Number of protein chains: 2
Amino acid sequence: MDLPARSAAKGERAASQTLRAQLMLRSLIIGGKLRPGERVSELQMVDRLGVSRTPVRAALIHLEHENLVEALPTGGYAVKELAEPEILVSIEIRGTLEGLAARMAAERGAAPQLIAAAREALDLIDAVVEPVARPVNLEHYVNYNARFHDLIVEMAGSDTLARQIERASVLPFASPSALVLLEPDSVETYQALLMSQLQHRTVLAAVELRQGTRAEAMMREHARTAHSNLQRALAAGRKLAELAVVELGGR
Amino acid sequence: MDLPARSAAKGERAASQTLRAQLMLRSLIIGGKLRPGERVSELQMVDRLGVSRTPVRAALIHLEHENLVEALPTGGYAVKELAEPEILVSIEIRGTLEGLAARMAAERGAAPQLIAAAREALDLIDAVVEPVARPVNLEHYVNYNARFHDLIVEMAGSDTLARQIERASVLPFASPSALVLLEPDSVETYQALLMSQLQHRTVLAAVELRQGTRAEAMMREHARTAHSNLQRALAAGRKLAELAVVELGGR
DNA sequence: TTTGTCCTAAGTGTATACATAATAGGGACG
DNA sequence: CGTCCCTATTATGTATACACTTAGGACAAA
């Protein structure tokens, strides 16, 4: 993002203008630089992003499908307002689909190397949340957590399902890599992480034992952790825009 | 769709070129005019659809999110190959999400007028599948069936969920409005319709009684009807492309 | 002061031109 | 006769020009 365009010409693959516009717009919206409800003027984005209207338009169509903007009836797009109920629904959708993935993984049987990789990710999380390691390195936690979730989805073996889950995880608070933190170093936060990890272990065990229903139920419950975290934060009077969100995302 | 373009100038809203391109491309793909795996050349589509490249490109981005085409690594798009396992997964996803909708409707409580409308739709289906009415008017059945499914989704009261379900229903065989018929007028088909209608009644009753888990489970099972119909058809040696599909879709 | 109308400016939808990358086909050489 | 390379063509990605619609404001009249 802060890379000048020419640096792409050398070492790495030059990202298309469309992709760059999409990523930049996404971070503008999630970062709150573009307010909810605000119209996203194409020409303004041309000035702001340094690409022409065509890639901006393409990016807007993509973002529309990601639920980050919505088409106005008169034409053009506006930043979608993320009302609390819709965010909770998004979390529920993600949990439901990840639950489906876990069940499919259990019923079909997951590839041994995927199981091993998942166990490895969980071991790494264990090291992060080990009591002697406090304060917890949240970046690491989020990172390994994302890896585990990705692996579960991969075990299901369906691109269609993977893409649908990815789509449901785009919303800032709906992603499994998003942690809503009341107080980053509190005992409550620590215990929440421990509980999440316990759920991870249970899901993986259920998948290995071919217990589809159990895997599904536990994965759903796991998603509801994010659900209740967010609800508690909101009940504590925080507004959505002010919430501290740690997000990395290994994708 | 069969309306000439100029009629739009008078009574109804003139459809945008982008939307027209999207609909035409979709029917070309679903209708098999464009073969799976075939590249969708933009210039050829300009000739074929009578719109310029810009709306064709926009339509292709939309169709990519609908899983009907996929982006080629070299650039451009190709018609997505619909392998059997992925279709079954799509049905499972739709069933899972519709199940979530039914549960949410039950737990939140659905608006009385929506309940009444749903019951009305089911009464209309009853009339269609009444024994004296044989042979069954499948167009009517599909129509009222789609209305019922839409109403259940509406009862959940979430635009996000509605859009996600709509997206999952785009694939030709995954829609609730799609009936895979081994033999259109056979006794088996008739009994399958009766069973579906029984499931409809059960779902609606569960929603009214606020029985969320029951509503969800029954809705899932209902979707698996399509699942097993398709599997039986494939087991009978039919190829996907040859299957007779009746699809109307009230949307 | 308020309301209605007209005018200006901005914005989107669409078409098209241009540049670059991929591809297919043919010809030459081994 | 087969294989490899070069070239011509085609396709996409991007930028931009044009037309039409919509929104907003100012001015005049009640």
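Just so we're clear, the structure is a prediction, and the values are computed from it rather than from any experiment.

Describing the confidence of the model for chain A
All names here are of chain A. Chain-level statistics for chain A give a pLDDT mean of 85 and a share of 85% at 70 or above. Within chain A, helix H1 (residues 7–10) has the poorest average pLDDT of any element, 33, and helix H4 (residues 53–65) the best, 96. Below a pLDDT of 50 lies the segment residues 244–251, which in the model reaches 23 contacts outside its immediate sequence neighbourhood of four places, other chains included.

Things to note about the environment of Val-46 of chain B
Residue and element names in this part refer to chain B. As for its placement among the helices and strands, Val-46 is situated in helix H3 (residues 42–49). Considered as a pair, Val-46 and Arg-57 are 11 residues apart in the sequence and their alpha carbons are 10.0 Å apart. Not counting residues within four places of it along the chain, the set of residues in contact with Val-46 comprises Val-51, Ser-52, Arg-53 and Val-56.

Some points on the packing of helix H7 (residues 138–156) of chain B against helix H9 (residues 187–208) of chain B
Residues and elements named next belong to chain B. Axis separation between H7 and H9 bottoms out at 12 Å; the angle between their running directions is 20 degrees. Compared by their axis directions, H7 and H9 come out roughly parallel. Note on packing geometry: the crossing formed by H7 with H9 is left-handed. Contact with H7, carried on its side by Leu-138, Tyr-141, Asn-145, Phe-148, His-149, Ile-152 and Met-155, involves Leu-193, Ser-196, His-200, Val-203, Leu-204 and Val-207 of H9 and no other residues of that element. Per-class residue counts for the contact of H7 with H9 are 9 nonpolar, 4 polar and no charged.

Points about the side chain of Ser-196 of chain A
Note that Ser-196 of chain A resides in helix H9 (residues 187–208). With residues up to four places along the chain from it excluded, the contact list for Ser-196 of chain A reads Tyr-141, His-222 and Thr-225 of chain A.

What to know about the protein's contact with DNA strand D
The local shell around DNA strand D holds 18 residues, among which Gln-17, Thr-18, Ser-52 and Thr-54 of chain A together with Arg-57 of chain B are the closest. Counted by atom, the contact set of DNA strand D within 4 Å of the protein is 62% sugar and phosphate. Contact between DNA strand D and Gln-17 of chain A: a phosphate oxygen at 2.5 Å from a main-chain N or O atom of the residue. Between DNA strand D and Arg-57 of chain B there is a distance of 2.8 Å, counted from a phosphate oxygen to a side-chain nitrogen or oxygen.

Thoughts on the side chain of Arg-103 of chain B
Structurally, the position occupied by Arg-103 of chain B is in helix H5 (residues 84–108). Among the polar contacts listed, one links the side chain of Arg-103 of chain B to the side chain of Glu-216 of chain B, at a separation of 2.8 Å.

A closer look at the relation of the copies chain B and chain A
Here chain B sits on chain A after a turn of 180 degrees about the axis and a move of 0.1 Å along it, with an RMSD of 0.1 Å. Both chain copies can therefore be described as sitting about a two-fold axis. Taken as a fraction of all interface residues of chain B, those also at the interface in chain A reach 100%, which identifies the copy contact as same-surface.

Some thoughts on the protein's contact with DNA strand C
Near DNA strand C lie 19 residues; those nearest to it are Arg-57 of chain A together with Gln-17, Thr-18, Ser-52 and Thr-54 of chain B. Within 4 Å of the protein, the atoms of DNA strand C are drawn from sugar and phosphate moieties in a proportion of 65%. Arg-53 of chain A is positioned such that a nitrogen or oxygen atom in its side chain is 3.0 Å from a base oxygen of DNA strand C. Take Arg-57 of chain A: an N or O atom from its side chain is 2.7 Å from a phosphate oxygen of DNA strand C.

Examining the sheet that holds strand E1 (residues 39–40) of chain B
Residue and element names in this part refer to chain B. Taken in spatial order, the 3 strands line up as E1-E3-E2 in an open sheet, and their pairing is antiparallel. Two strands lie at the open edges of the sheet, namely E1 and strand E2 (69–71), each paired on one side alone. Bridge analysis of E1 against strand E3 (residues 77–79) gives 2 bridges, and the strand direction is antiparallel. Across the sheet, the residue bridging to Arg-39 is Ala-78, located in E3.

Conventions adopted
- Residues numbered from 1 in each chain as written.
- Chains lettered and ligands numbered in written order.
- Predicted model: local features only at pLDDT ≥ 70, side-chain atom pairs only at ≥ 80, totals over all residues.
- Heavy atoms only, no water.
- pLDDT = per-residue confidence, 0-100.
- Helix = DSSP H or I, 4+ residues; strand = E, 2+ residues; numbered from the N terminus.
- Contact = heavy atoms within 4.5 Å.
- Axes fitted to C-alpha atoms, helices over the stretch in contact; angles between N-to-C directions.
- Parallel < 35°, antiparallel > 145°, perpendicular 65-115°, else oblique.
- Left-handed = near helix turned anticlockwise from the far one by under 90°.
- Nonpolar A, V, L, I, M, F, W, Y, C, P; charged D, E, K, R; others polar.
- Near = heavy atom within 4 Å.
- Polar contact = N/O pair within 3.5 Å; in protein donor to acceptor, adjacent residues only side chain to side chain.
- Least-squares fit on C-alpha atoms with pLDDT ≥ 70 in both.
- Pairing = 2+ DSSP bridges.

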